[in-house]
Protein chains: 2
Amino acid sequence: MILSRTSQYAIQALIFIATRPPGEPVLNREIASYLNVPPAYLAKIMQSLCKGNLLYSYRGRLGGFCLREGASKTDLMQILLLTEGPSFTQECVLGLKVCSDATACPMHTKWVPIKKKVVALLNEQTLEKLARAVQTGKYRLSDLPTSLLAPMRRA
Amino acid sequence: MILSRTSQYAIQALIFIATRPPGEPVLNREIASYLNVPPAYLAKIMQSLCKGNLLYSYRGRLGGFCLREGASKTDLMQILLLTEGPSFTQECVLGLKVCSDATACPMHTKWVPIKKKVVALLNEQTLEKLARAVQTGKYRLSDLPTSLLAPMRRA
DNA sequence: CCTCATTCGGAGAATTTTATCCGAAATCCA
DNA sequence: TGGATTTCGGATAAAATTCTCCGAATGAGG
Ligand code: FES
Ligand code: FES
């Protein structure tokens, strides 16, 4: 039910960059402050996304991060393969070392079809799509300020 | 895509107990060795399952753990509520603090239906069902010995 | 009663994940 | 050239998860 924080930050950051005009480098500082995540930690994640060939990075003034050409067609699965490792779709839900029809745990037959749905979803959601959804204003990338979360709190 | 090890051990252990004759206490040591998990760690998990009212525990000779009456009707969701905490089905896939239609992230509309399927599955899989599946011999609770995992290894 | 076997409960070690810090290298611009 | 800004990369710290150890309490049986 859970992605690691690292994966969540990576996805959020990439969608955010995808909402910005392509070609204009975006500062790590700006992303972190918009998403409200720790800047130094996010910087590490950005580095690994560069190494995974999803981003370009530019140092110095006017530096920052840009999506690589075509990276707006990147889907979430490609990102998660970087951040969660290549085996994350192949794991047994009960933690057995091997998940296959031949070595199935008692959840296997029910779990695999759902897993397939998840994988299909991750494969079809591209940064472009997700960025557009955000741009409509109907969907958000960061938390609402706490003041808005419990508006009935006022006396 | 991932349950914590704690949850995986808890589920495995409970299914194992459910495959045993009810009323006869099962030793922690026996469970741990069958499932091939760290005994001292499993003992902690068993303790918390007792506190969560899924198990009875008996100390001393002839001690061990038994399912509580009716616990074979326990479903996986009840177990996970103990081991993962009460909010684990309500979390945003991208990590936003609140997941709701009104504060949706760009994955929300696609993710929630899948989440519902997962929840429904967890709600319908009882220890009884899962234990029976294991008893048929077609499904396993523990890993195969490594010697069997790569049978082509022999010269 | 004593002995043995077991869970209980607390402390704490090891590992992994998350987060921080800082000096060095790159780049822009004056 | 030199100053300002930014990422890079390595070390390290903090927190959470996973795992271990041990003495105490409990209960069965001799
Ligand atoms: S073996 Fe457990 S999910 Fe496939
Ligand atoms: S808000 Fe992200 S899944 Fe609901």
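Residues numbered from 1 in each chain as written. Chains lettered and ligands numbered in written order. Predicted model: local features only at pLDDT ≥ 70, side-chain atom pairs only at ≥ 80, totals over all residues. Heavy atoms only, no water.

### Some words on the relation of the copies chain B and chain A
Of the transformation superimposing chain B on chain A, the axial component is 0.0 Å and the angular component is 180 degrees, with the fit at an RMSD of 0.0 Å. Look at the turn and shift together and you get a two-fold axis relating the two. Measuring from the rotation axis to each C-alpha of chain B, the shortest distance belongs to B:Met1, at 2.6 Å. Of the interface residues in chain B, 100% have counterparts in chain A that sit at the interface too, so the contact is made through matching surfaces. (Least-squares fit on C-alpha atoms with pLDDT ≥ 70 in both. Contact = heavy atoms within 4.5 Å.)

### Considerations on the protein's contact with DNA strand C
What surrounds DNA strand C is a group of 25 residues, the closest being A:Pro38, B:Asn28, B:Arg29, B:Lys44 and B:Ser57. For DNA strand C, a phosphate oxygen lies 2.5 Å from a polar atom in the side chain of B:Ser57. For the surface near DNA strand C, the secondary structure elements donating two or more residues are α1 (5–19) and α3 (39–51) of chain A together with α2 (28–35), α3 (39–51), β1 (55–58) and β2 (64–67) of chain B. In terms of residue class, the surface near DNA strand C is made up of eight nonpolar, eight polar and nine charged. (Near = heavy atom within 4 Å. Polar contact = N/O pair within 3.5 Å; in protein donor to acceptor, adjacent residues only side chain to side chain. Helix = DSSP H or I, 4+ residues; strand = E, 2+ residues; numbered from the N terminus. Nonpolar A, V, L, I, M, F, W, Y, C, P; charged D, E, K, R; others polar.)

### A word on the packing of aromatic side chains
Residues and elements named next belong to chain A. Tallied over the entire structure, the rule returns six aromatic pairs over all chains. Between Tyr56 and Tyr58 the ring centres are 6.5 Å apart and the planes differ by 45 degrees, which places this aromatic pair in the tilted class. Classification of Tyr58 as partly exposed rests on a relative accessible area of 42%. (Phe/Tyr/Trp six-rings, centres within 6.5 Å; stacked < 30°, edge-to-face > 60°. Buried < 20%, exposed > 50% of the residue type's maximum accessible area, 1.4 Å probe, protein only.)

### With respect to the pairing of β2(B)
Residue and element names in this part refer to chain B. Neither face of β2 is left uncovered, since the one carrying Gly64 and Cys66 and the one carrying Phe65 and Leu67 both have all their residues buried. Bridge count for β1 against β2 is four bridges, and the pairing is antiparallel. From the neighbouring strand, Tyr58 faces β2, where its bridge partner is Gly64. The loop that links β1 with its antiparallel partner β2 comprises five residues; one of these, Gly60, has a positive phi angle of about 75 degrees. (Pairing = 2+ DSSP bridges.)

### Some points on the interface of chain B and chain A
Facing 47 residues of chain B, the contacting portion of chain A comprises 47 residues. Between chain B and chain A, roughly 4,100 Å² of surface is buried when both sides are summed, and carbon and sulfur atoms account for 69% of that area. On the chain B side of the contact with chain A, B:Met1, B:Leu94 and B:Pro106 bury the most area, a combined 19% of that side's loss. Our enumeration of links across chain B and chain A arrives at four salt bridges. Across the pair B:Asp143 and A:Lys97 runs a salt bridge, and its minimum N-O distance is 3.3 Å. Here chain B and chain A share eight residue pairs in polar contact (both at pLDDT 80 or more) between them. Those elements giving two or more residues to the side of chain B that touches chain A turn out to be α1 (5–19), α5 (108–124) and α6 (127–135) of chain B. At ten residues, α5(B) tops the list of elements feeding residues into the side of chain B that touches chain A. (Buried area = accessible area lost by both parts, 1.4 Å probe. Salt bridge = Lys/Arg side-chain N within 4 Å of Asp/Glu carboxyl O.)

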